[in-house]
Amino acid sequence: MIVTRSWLNEWIDLTSISTEDIAKTFNSIGLEVDRIQEYRVPAKIVFGKVLECEKHPDADKLNICKVDIGFTIRQIVCGAANVRAGLDVVVATVGAVMPSGLVIKPVKLRGVDSDGMICSAGEIGLPDLGKGIMELDSSIGDFKIGQEVSTNLILNDDLIEIELTANRGDCLSIRGVARDLSAAFDRPIKEYVVTDNDEKRGVGRILSLSHEKDLSVNLRYKALDLKDLTIPLVVKLRLGQIEEERERDIESIILYVTHSTGVIFRAYERDFFAKEDVTISKVIVSENENGFACIKSQNNEIASIIGVSQNDASKVKNTNSTVFLEASYIPPDVISKKMADHKIKSDSLFYRTSRGSEPELEGGLSYCIDLIESCSHSTTFSGTIEHVYSFKEKIVTVTKQEIDDIIGANIDKSVVTKILKNLGFDTSKSSTDVFAINVPQFRHDIINKQDIVEEIVRMVGIDNIPSKASVLQEENRLENNYFEYKKRSIYRHRAAQSGFNESVHFVFDEKKVLNAYGFITTNDDLELLNPIVQTLDTLRPTLLTGLLKATSQNVKNGYSSVRLFEIGAVFSPLREESLKISFVFSGDKENENLSNNGKPSQIDFSYFTQKIADVVGEVELIQYETTHKLSHLYQSAQVIQNGVVLGELFRLHPEVEKAYDLETTFMCELDFSKIKHELKIAKTTSKYQASFRDLSIITPTSISFETISNVIQANAAKELIRFYPVDRYTDESLGDNISLSIRFVLQSEEKTLEDSDITSTMQRVLESLQSELGIGLR
């Protein structure tokens, strides 16, 4: 948002406040100053008047002018097409140094003496206002011929550009910014002067307004016979300073008034609504097919979509015609929601309406009419035609004690009341200790008491609130989220300690790839509406594909051994979120070294299983067939811990390894919520020596180790601490059987076991295997 000092001064008296103090105040009240630019006209440049203007005898594009510069009359040769007798101009006299560095000297142009230069705006350091010299008028204030231009406050102004947050649409106008300064400096803002001449023709003679529905919009119309409109210099200059321009003069005036007041204006050609033979033009407030409030003619042609755009056919093209001037207000949340649901073409005014415009239509319309009448011979019809929607009042209540508690300091009630009043809030319904604050429509960002307190703090100034020692009171913060974080942190460190590197990916993945590998993705009715890219078009149901891509990339970068893990969210088809931990180990078991003669072996099933156990603790594996297509048909298992299924562990299918240019690769994905994480409980440990015994049994290949394990556990003596397979052997002589070696660990808490005790326990195991499964010693 761009403001200038002189423009602000039209709404609030800033004469005794420096530009530097204004900028500091902006920063302190949350309107961050982006830049300050000073416009200063050099010395020896004065106001002048062209007394005579004749064509140069030897140059078609030059004119010989007699110019009064107050203390003398100079002859100046000028090449501007718009120079003429009677014009008030800016003259650079001999000796003036222009902003470009040019020094003005007496010269001869095509044989004619020229003492000085009649200047354009750009030549004296002001914004470029187009071709030709600057034509002065009364809009820049009083001036005398011969007076230094550097004394004029309009032409020697300070521009301040401020950064606005998205919720501060109320400051998208000079008046809106002045309102904040009014509260900061405790100076009154200048109110609108609303005038209307009842002796003029009434607007009802040529304009009627009807509405088909009770729409959430306020409209106000004036009519005028537009004639000989010229844009004042101050308007041209300020539009140049805010870097805006419009093709037609009436549009430039409307843009200027909108930037000044914050009210949204549009101008319509009367002929769009009715032909010449129709006395009263009918304007209809309606809805289009997308539900946008719009203005229509009686022929059902849309003149404009309120707050969004205007039909070119309805715009004013004739400089001498009857014009309907419209001021409108529509709540920003209404128009923004409509635009989000139905993307349609918009013009520059939509930016203002979507962030919040000024609802004070009567004052804004009067300001606009006064400006047009002052710079034209136009005649305005008396009265207005309006459509009024009664918006629900937004009242926020807050006690004085609540304000003090939130701020941490005692702010005098009169100070609070004055700040709120200057900001445009109505506090007339407040009681002794409770503020009942009626929030104005232009402050759509104020919702609750915290917002009110923030406004007070902005204006009091954070630096003006006395510091106060903090009172710290310890609370028990060990809630569930802490333990969840702690668990996650522990297992991340365990994985890193076991040689795995953490990998982090988006929670999005490519639906095509997931479906190809048999993973069930999000239901179509719950799918992402606007994916970041097409390769991240669904919520991931697994971490495996992301790790697989990362592994492939690492191998392409020259790593022969890749070990990665990730803890992250995955989503069911119904978008139900859960937490998984996944691992991948690809290529060599270890780096090349002396012990492996520079030829490390590839990762295998048992080594990978041990690595997983190092991270999550002791686990069991049972034969398992995965539901997806990433796994090897014969090297996949279900991972169980304390009787709870955690997930799956498998070797990558050879075809998948080939597709991603990988060596032998193993993967594992576990449900993180099911991994044990509990307080460590001390258990008694036997002080007596443990004994080890191996049994080699002949068992049919059809009997799984899980079945054998269940039989042993069901019949084991208390001295049997644990057991696990250590060898598996097959040859032709065994037929459909295999030789399985199992190691048993035996220990008593009462004594050192003797041979008879060990033999008895092992015999018990053998008998149970023989009786229940029909298997025995090799």
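Residues numbered from 1 in each chain as written. Predicted model: local features only at pLDDT ≥ 70, side-chain atom pairs only at ≥ 80, totals over all residues. Heavy atoms only, no water.

**Student:** Please explain the overall build of the protein as it appears in this structure.
**Tutor:** Counting its secondary structure elements, the protein contains 18 helices and 35 strands. Expected size for 778 residues packed as a compact globule is a radius of gyration near 28 Å; at 43 Å, the protein overshoots this value by more than 25%. Along the first, second and third principal axes, the C-alpha atoms of the protein reach 135 × 70 × 65 Å. The proportion of buried residues among the 778 residues of the protein is 49%. Looking at the protein alone, contacts between residues at least 24 apart form 70% of all its contacts between residues at least 6 apart. Accessible surface, the protein: about 40400 Å² in total, of which carbon and sulfur atoms supply 48%. Counting 89 positive and 116 negative side-chain charges, the protein places the averaged centre of each group 1 Å from the other. (Helix = DSSP H or I, 4+ residues; strand = E, 2+ residues; numbered from the N terminus. Rg over C-alpha atoms; globule rule 2.2 N^0.38 Å. Buried < 20%, exposed > 50% of the residue type's maximum accessible area, 1.4 Å probe, protein only. Contact = heavy atoms within 4.5 Å. Areas by Shrake-Rupley, 256 points an atom, 1.4 Å probe, with all protein chains shown as cover. Lys, Arg positive; Asp, Glu negative; His and termini not counted. Charge placed at Lys NZ, Arg CZ, Asp CG, Glu CD.)

**Student:** Whenever I open this one, the packing of helix α5 (residues 249-261) against helix α8 (residues 361-374) confuses me. Can you help?
**Tutor:** Pairs of packed helices are described in terms of their axes, by the angle between the two and the distance that separates them. Interhelical geometry of α5 versus α8 gives an angle of 140° and a closest axis separation of 10 Å. It follows that α5 is oblique to α8 by the angle criterion. With respect to the hand of their crossing, α5 and α8 are arranged in right-handed fashion. Contact with α5, carried on its side by Ile250, Ile253, Tyr256, Val257, Ser260 and Thr261, involves Gly364, Tyr367, Cys368, Leu371 and Ile372 of α8 and no other residues of that element. In the contact of α5 with α8, the residues fall into eight nonpolar, three polar and no charged. (Axes fitted to C-alpha atoms, helices over the stretch in contact; angles between N-to-C directions. Parallel < 35°, antiparallel > 145°, perpendicular 65-115°, else oblique. Left-handed = near helix turned anticlockwise from the far one by under 90°. Nonpolar A, V, L, I, M, F, W, Y, C, P; charged D, E, K, R; others polar.)

**Student:** Explain the sheet that holds strand β34 (residues 737-746) to me, please; I cannot follow it from the model alone.
**Tutor:** The strands that make up a sheet pair up through hydrogen bonds in the backbone, lying either parallel or antiparallel. Within the open sheet, the four strands sit side by side as β33-β34-β32-β35. Their pairing is antiparallel. Lying at the two open borders of the sheet, with one neighbouring strand each, are β33 (720-729) and β35 (776-777). In the sheet, strand β32 (residues 691-700) pairs with β35 via two bridges, with the strands oriented antiparallel. Among the inter-strand pairings, Ile697 is bridged to a residue of β35, identified as Leu777. Against the sheet, helix α18 (residues 755-773) makes contact with β32, β34 and β35, and its axis sits at roughly 20° relative to β32, the strand it touches most. (Pairing = 2+ DSSP bridges.)

**Student:** Before we go on, may I ask you to explain unusual backbone geometry in this structure?
**Tutor:** The general pattern is negative phi for most residues beyond glycine and trans for most peptide bonds. In this model, Asp186 sits at a positive phi of 55°, which is unusual for a non-glycine residue. With respect to the element layout, Asp186 can be found in the loop between α3 (174-185) and β11 (207-211). Classification of Asp186 as partly exposed rests on a relative accessible area of 41%. A positive phi angle, near 55°, is found at Asn642, a position not held by glycine. You can see Asn642 is positioned in the loop between β29 (631-641) and β30 (644-652).

**Student:** Can you walk me through the pairing of strand β27 (residues 577-587) in this structure?
**Tutor:** The side chains of a regular strand alternate, first on one face of the sheet and then on the other. In the sheet, strand β26 (residues 561-571) pairs with β27 via 11 bridges, with the strands oriented antiparallel. Residue pairing for β27: Val562 is matched across the bridge by Ser586. Note that β27 and strand β31 (residues 665-671) share seven bridges and pair antiparallel. Bridge pairing in β31 links Lys580 to Asp671.

**Student:** Is there a simple way to think about the packing of aromatic side chains in this case?
**Tutor:** When we look at a pair of aromatic rings, we describe it by the centre distance and by the angle of the planes. Inspection of the entire model under this criterion finds 18 aromatic pairs. Ring centres of Phe47 and Phe143 lie 4.6 Å apart, and the angle between their planes is 25°; this geometry places the pair in the stacked category. Pair noted here: Phe47 is in strand β3 (residues 45-55) and Phe143 is in the loop between β9 (117-118) and β10 (158-163), with a separation of 96 residues, a long-range link. Measuring from centroid to centroid gives 5.9 Å for Phe605 and Phe666, while their planes differ by 75°, and the two rings are edge-to-face. Linking Phe605 in helix α15 (residues 605-616) with Phe666 in strand β31, this pair joins segments that are 61 residues apart in sequence. Here Phe605 falls in the partly exposed class, since its relative accessible area comes to 24%. Looking at Phe666, the relative accessible area reads 1%, which means it is buried. One aromatic cluster is present, formed by Phe500, Phe565, Phe583, Phe585 and Tyr607 through successive ring pairs. For Lys487, the ring lying beneath its charged end belongs to Phe672, and the centroid distance is 4.7 Å. Its end group placed over the ring of Tyr491, Arg494 keeps NZ or CZ at 4.9 Å from the ring centre. (Phe/Tyr/Trp six-rings, centres within 6.5 Å; stacked < 30°, edge-to-face > 60°. Lys NZ or Arg CZ within 6 Å of the ring centre and 35° of its normal.)

**Student:** Help me understand the sheet that holds β31, please; the structure alone is not making it clear to me.
**Tutor:** The seven strands are arranged β23-β26-β27-β31-β30-β29-β28 in an open sheet whose pairing can be described as mixed. Strands with a single pairing partner mark the edges of an open sheet, and in this sheet they are β23 (501-502) and β28 (620-623). Lying over the sheet, helix α12 (residues 480-497) contacts β23, β26 and β27, oriented at roughly 160° with respect to β26.

**Student:** Looking at this structure, how should I read helix α14 (residues 544-556)?
**Tutor:** The α-helix winds at 3.6 residues per turn, so residues separated by three or four positions along the chain end up facing the same way. Between its first and last C-alpha atoms α14 spans 18 Å; for 13 residues at 1.5 Å apiece the expected length is 18 Å, and the two agree. For α14, the complete set of buried residues consists of Leu544, Thr545, Gly546, Leu547, Leu548, Ala550, Thr551 and Ser552. Positive phi shows up at Gly558, right after α14, with a value of about 105°. (Expected span 1.5 Å × (residues − 1).)

**Student:** Teacher, can you tell me more about the side chain of Glu719 here?
**Tutor:** For Glu719, the position within the fold is in the loop between α17 (705-715) and β33. Look at Glu719: it is buried, it has no salt bridge, and the nearest opposite charge is Lys718 at 4.8 Å. (Salt bridge = Lys/Arg side-chain N within 4 Å of Asp/Glu carboxyl O.)

**Student:** Hey, could you run me through the environment of Cys368 in this one?
**Tutor:** Counting through the fold element by element, Cys368 comes out in helix α8. For Cys368, a relative accessible area of 0% corresponds to the buried category. C-alpha of Cys368 to C-alpha of Gly132: the two residues are 236 residues apart in sequence and 28 Å apart in space. Apart from residues no more than four positions distant in its own chain, Cys368 is found in contact with Val257, Phe265 and Leu325.

**Student:** Honestly, the confidence of the model for the protein in this entry has me stumped. Any pointers?
**Tutor:** Confidence in the prediction of the protein, expressed as mean pLDDT, is 90, and 99% of residues score 70 or more. Across the protein, the element-wise mean pLDDT spans from 85 in β35 up to 96 in β31. (pLDDT = per-residue confidence, 0-100.)

**Student:** Would you mind going over the side chain of Ser561 with me for this structure?
**Tutor:** Tracing the sequence through the fold places Ser561 in strand β26. When its relative accessible area of 19% is taken as the criterion, Ser561 is described as buried. At a separation of 2.7 Å, a polar atom in the side chain of Ser561 contacts the main-chain carbonyl oxygen of Asp588. Here Ser561 is in contact with Phe585, Ser586 and Asp588, once residues within four sequence places are set aside. (Polar contact = N/O pair within 3.5 Å; in protein donor to acceptor, adjacent residues only side chain to side chain.)

**Student:** How should a nonpolar patch on the surface be read in this particular structure?
**Tutor:** A contiguous nonpolar patch, built from Leu478, Tyr482, Phe483 and Tyr485 and spanning about 420 Å² of accessible area, is present on the exposed surface. Positionally, Tyr482 belongs in helix α12. Residue classification places Tyr482 among the partly exposed positions, given a relative accessible area of 31%. (Patch = residues over 30% accessible without salt bridge, like charges linked within 9 Å, V, L, I, M, F, W, Y side chains within 5 Å.)

**Student:** Sorry if this is basic, but what is going on with the pattern of salt bridges here?
**Tutor:** Two side chains of opposite charge can pair, provided their charged atoms sit close to one another. Across all of its chains, the model carries 41 salt bridges by this definition. A salt bridge links Arg175 to Glu360; its shortest N-O distance comes to 3.5 Å. Taken together, the positions of Arg175 in helix α3 and Glu360 in the loop between α7 (349-355) and α8 put the pair 185 residues apart, joining distant regions of the chain. Classification of Arg175 as buried rests on a relative accessible area of 3%. Residue class for Glu360 comes out partly exposed when judged on its relative accessible area of 34%. The shortest N-O distance in the salt bridge between Glu244 and Arg246 comes to 3.3 Å. One connected set of salt bridges, linked through shared partners, spans Arg168, Asp170, Asp180, Arg443, Asp445, Glu455 and Arg458.

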